[in-house]
Amino acid sequence: MAPSTPLLTVRGSEGLYMVNGPPHFTESTVFPRVNIISVTNKELLHSFDLPKAVCLEFSPKNTVLATWQPYTASKDGTAGVPNLQLYYVKTGTCLKSFIQKKMQNWCPFWSEDETICARNVNNEVHFFENNNFNTIANKLHLQKINDFVLSPGPQPYKVAVYVPGSKGAPSFVRLYQYPNFDGPHAALANKSFFKADKVTMLWNKKATAVLVIASTDVDKTGASYYGEQTLHYIATNGESAVVQLPKNGPIYDVVWNSSSTEFCAVYGFMPAKATVFNLKCDPVFDFGTGPRNAAYYSPHGHILVLAGFGNLRGQMEVWDVKNYKLISKPVASDSTYFAWCPDGEHILTATCAPRLRVNNGYKIWHYTGSILHKYDVPSNAELWQVSWQPFLDGVFPAKTITYQAVPSDVPSEEPKAATAYRPPALRNKPITNSKLHEEEPPQNMKPQPGNDKPLSKTALKNQRKHEAKKAAKQEARGEKSVDLTPPPAPQNSARNTVSQSTSGDPEVDKKIKNLKKKLKAIEQLKEQAATGKQLEKNQLEKIQKEKALLQELEDLELGV
């Protein structure tokens, strides 16, 4: 039987406290300083006097508490006091202290069962076993190693490492299986690439593949303020590929589905595209474009949220990814944080300092768009952090998706419609419907070729007149009678309808030549689309003009 909804931990200028999840939302105890509390019985286990502690992290099984405070060197030039401490939660004793100067990647990485733990130290990754930090069990040595990521899941453990390029040599990411690090063929896979000042490495849940977002700080083409990004796929079986993204621009977010068989990327200049890809890096579903820069799969992988946070207005699209059907479109304005509840049914959004110091607070939503609970921090206070109580996978079973918004006592917040700025000279003139960016709908909402609207009675009458006139001309020229009904649009081919006859009129011949040229280009676009290539909006518009061009060509050639 699944437990009740996880607790919510809230940290801010008002203190550290806990809130019961839906449907109660009642407040629990306020905790001073750095304490370890047993959630089940709310008893204080240990208290640590660490007034300068900035970061806290538990190991996956809550065996070890890691704390970090800013590093300060001694005035005499000698090494400073160790600032990274690892505490054994059961007794409160310090297992080990390290010097960790940078806040970035400060915390050691544990395997999910805590059998191994790893740290990056001076061109090496040090591995400890069974939380024994007094002995380095294994080392992975690579010159100038910059980053690494342990795989999730059970043994055998795998590790992805990144080495930046230098002196004309490319950057590369390699995959290893612990503890097989030595020898020329020890790596499971290797992917090298240029244009990478930093990378983000993302393992899928089954530890069979890694997605690598390679980024440069500066786009030398000048096309993007964000630098330049490329997306790479590396599998533990040695396969690798560059993920072809059909729209130019930055890569905002990439996320794996928990099934490990597909991933979603949000990319391209605004309005950004979002696409789901399979393990062959082929597009599975295109969500079109919209104001979005983030994607979040639910813990069970059956719901996907596309969202626009940060400098966007907080629009969210909640999708049923099995049927690719839109569930809801809530708006969480000014949100700086998003998290799925482990039950896969509730969503947390928050506005936290220091990212935003006004309108701090958090909301708990149902995925159908209903706000179930809302808390606004007083104007003289700040919210720093809020998070769900973690649970192991499988504790909460997946529920059938519903499209009907669940009832709520919290009033819905309809965002005010933003009006575009109009210069004084245009304020008394009619408003045009022109858009700066034309948004592209999801692929299952696009008009399909051949699904043209039925012709009106007048259009049918004109079509019959045209066909009768065409037949009369053919009979007058002694040609055989043929079926003159035009084929469906998808079957039309520029190659099999082009005539080689000439009219004797240079102007008509010129028009025929131009039409043939346009039809040939359309045929090439259709062939590209058939191979799976994503076409741009103007290319799709060209294809839609094929039927009209064929008709115009036919009319011209009838007079030949």
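Residues numbered from 1 in each chain as written. Predicted model: local features only at pLDDT ≥ 70, side-chain atom pairs only at ≥ 80, totals over all residues. Heavy atoms only, no water.

Right, let's talk about the overall build of the protein chain for a bit. Scanning the protein chain from N- to C-terminus turns up 4 helices and 34 strands. The proportion of buried residues among the 560 residues of the protein chain is 40%. Considering only contacts in the protein chain between residues 6 or more positions apart, those separated by 24 or more positions represent 44%. Accessible surface computed for the protein chain: about 32300 Å², of which carbon and sulfur atoms make up 52%. (Helix = DSSP H or I, 4+ residues; strand = E, 2+ residues; numbered from the N terminus. Buried < 20%, exposed > 50% of the residue type's maximum accessible area, 1.4 Å probe, protein only. Contact = heavy atoms within 4.5 Å. Areas by Shrake-Rupley, 256 points an atom, 1.4 Å probe, with all protein chains shown as cover.)

A few words on the sheet that holds strand β9 (residues 94-98). One open sheet accounts for 4 strands, arranged β6-β7-β8-β9; its pairing is antiparallel. Two strands close off the open sheet at either side, each with one partner strand: β6 (55-58) and β9. For this sheet, the mean inter-axis angle between neighbouring strands, taken without regard to orientation, is 15°. Pairing geometry for strand β7 (residues 64-68) and strand β8 (residues 84-88), over 5 bridges, is antiparallel. Paired with Trp-68 across the bridge in β8 is Leu-84. (Pairing = 2+ DSSP bridges. Axes fitted to C-alpha atoms, helices over the stretch in contact; angles between N-to-C directions.)

Spatially, the 4 strands line up as an open sheet ordered β30-β31-β32-β33, and their pairing is antiparallel. With partners counted over all chains shown, the strands left at the sheet margins are β30 (337-340) and β33 (371-376), one partner each. For this sheet the average axis-to-axis angle between neighbouring strands, irrespective of direction, equals 10°.

Another point: the packing of aromatic side chains. Applying the stated criterion across every chain, the model contains 20 aromatic pairs. Aromatic side chains Phe-285 and Phe-287 sit 4.9 Å apart centroid to centroid with 75° between the ring planes, which places their arrangement in the edge-to-face category. This pair shows no difference in class: Phe-285 is buried, exactly as Phe-287 is. Between Tyr-296 and Phe-309, the ring centres sit 6.5 Å apart and the planes meet at 45°, which makes this aromatic pair tilted. With Tyr-296 in strand β26 (residues 294-297) and Phe-309 in the loop between β27 (303-307) and β28 (316-320), this residue pair connects regions lying 13 residues apart in the sequence. Taking the relative accessible area as the measure of exposure, Tyr-296 reaches 22% and is therefore partly exposed. (Phe/Tyr/Trp six-rings, centres within 6.5 Å; stacked < 30°, edge-to-face > 60°.)

Moving on to the nonpolar core. In terms of nonpolar packing, the biggest core is built from 18 residues, with Phe-127, Leu-140, Val-159, Val-161 and Tyr-176 touching the most fellow members. Broken down by element, this core gets its largest block of residues, 3 residues, from strand β15 (residues 158-163). Contact partners of Val-161, with chain neighbours within four places excluded, come to Leu-140, Leu-142, Ile-145, Asp-147, Phe-148, Phe-172, Val-173, Arg-174, Tyr-176 and Met-201. (Core = buried A, V, L, I, M, F, W, Y, C linked by side-chain atoms within 4.5 Å.)

The next thing to look at is the confidence of the model for the protein chain. Averaged over all residues, the pLDDT of the protein chain is 81; the fraction at 70 or higher stands at 78%. Throughout residues 479-501 the model reports pLDDT below 50, and contacts reaching past four residues in sequence, or to other chains, amount to 40 contacts. (pLDDT = per-residue confidence, 0-100.)

Our next topic: the side chain of Asn-293. Mapped onto the secondary structure, Asn-293 falls in the loop between β25 (283-290) and β26. Polar contacts involving the side chain of Asn-293 include one to the main-chain carbonyl oxygen of Phe-309, which spans 2.7 Å. When sequence neighbours within four positions are dropped, the list of residues in contact with Asn-293 reads Tyr-252, Asp-253, Val-266, Met-270, Ala-307, Gly-308, Phe-309, Asn-311 and Leu-312. (Polar contact = N/O pair within 3.5 Å; in protein donor to acceptor, adjacent residues only side chain to side chain.)

Time to look at the pattern of salt bridges. Within this structure, the stated rule accounts for 9 salt bridges. Its salt-bridge partner being Glu-382, residue Arg-357 comes within 2.8 Å of it at the nearest N-O pair. Placement of the pair is Arg-357 in the loop between β31 (346-351) and β32 (361-366) and Glu-382 in the loop between β33 and β34 (383-388), with a sequence separation of 25 residues. Owing to a relative accessible area of 21%, Glu-382 belongs among the partly exposed residues under this scheme. One salt bridge in this structure joins Lys-374 and Asp-376, with 3.7 Å as the shortest N-O distance. Through salt bridges that share partners, Lys-273, Asp-286 and Glu-440 make up one connected network. (Salt bridge = Lys/Arg side-chain N within 4 Å of Asp/Glu carboxyl O.)

To continue, consider helix α2 (residues 506-530). Compared with the 36 Å implied by 1.5 Å per residue over 25 residues, the 36 Å span of α2 between its first and last C-alpha is a close match. Every buried residue of α2 is listed here: Ile-512, Leu-515, Leu-519, Ile-522, Glu-523, Leu-525 and Lys-526. (Expected span 1.5 Å × (residues − 1).)

Turning to the packing of α2 against helix α3 (residues 537-544), a few remarks are in order. Orientation of α2 relative to α3, taken along the N-to-C sense of each, is 120°, at an axis distance of 9 Å. Taken together, the axis directions place α2 and α3 in an arrangement best described as oblique. As for how α2 packs across α3, the hand of that crossing is left-handed. Facing Ile-522, Leu-525 and Lys-526 of α2, the residues of α3 in contact are Gln-539, Lys-542 and Ile-543. Looking at the contact of α2 with α3 residue by residue, the class counts come to 3 nonpolar, 1 polar and 2 charged. (Parallel < 35°, antiparallel > 145°, perpendicular 65-115°, else oblique. Left-handed = near helix turned anticlockwise from the far one by under 90°. Nonpolar A, V, L, I, M, F, W, Y, C, P; charged D, E, K, R; others polar.)

The subject of this paragraph is the pairing of strand β17 (residues 189-193). Of the two faces of β17, the one lined by Ala-189, Lys-191 and Phe-193 is fully buried and the one lined by Asn-190 and Ser-192 carries no buried residue. Examined bridge by bridge, strand β16 (residues 171-177) and β17 share 5 bridges and lie antiparallel to one another. Each residue of the ladder has a partner; that of Phe-172, found in β17, is Ser-192.

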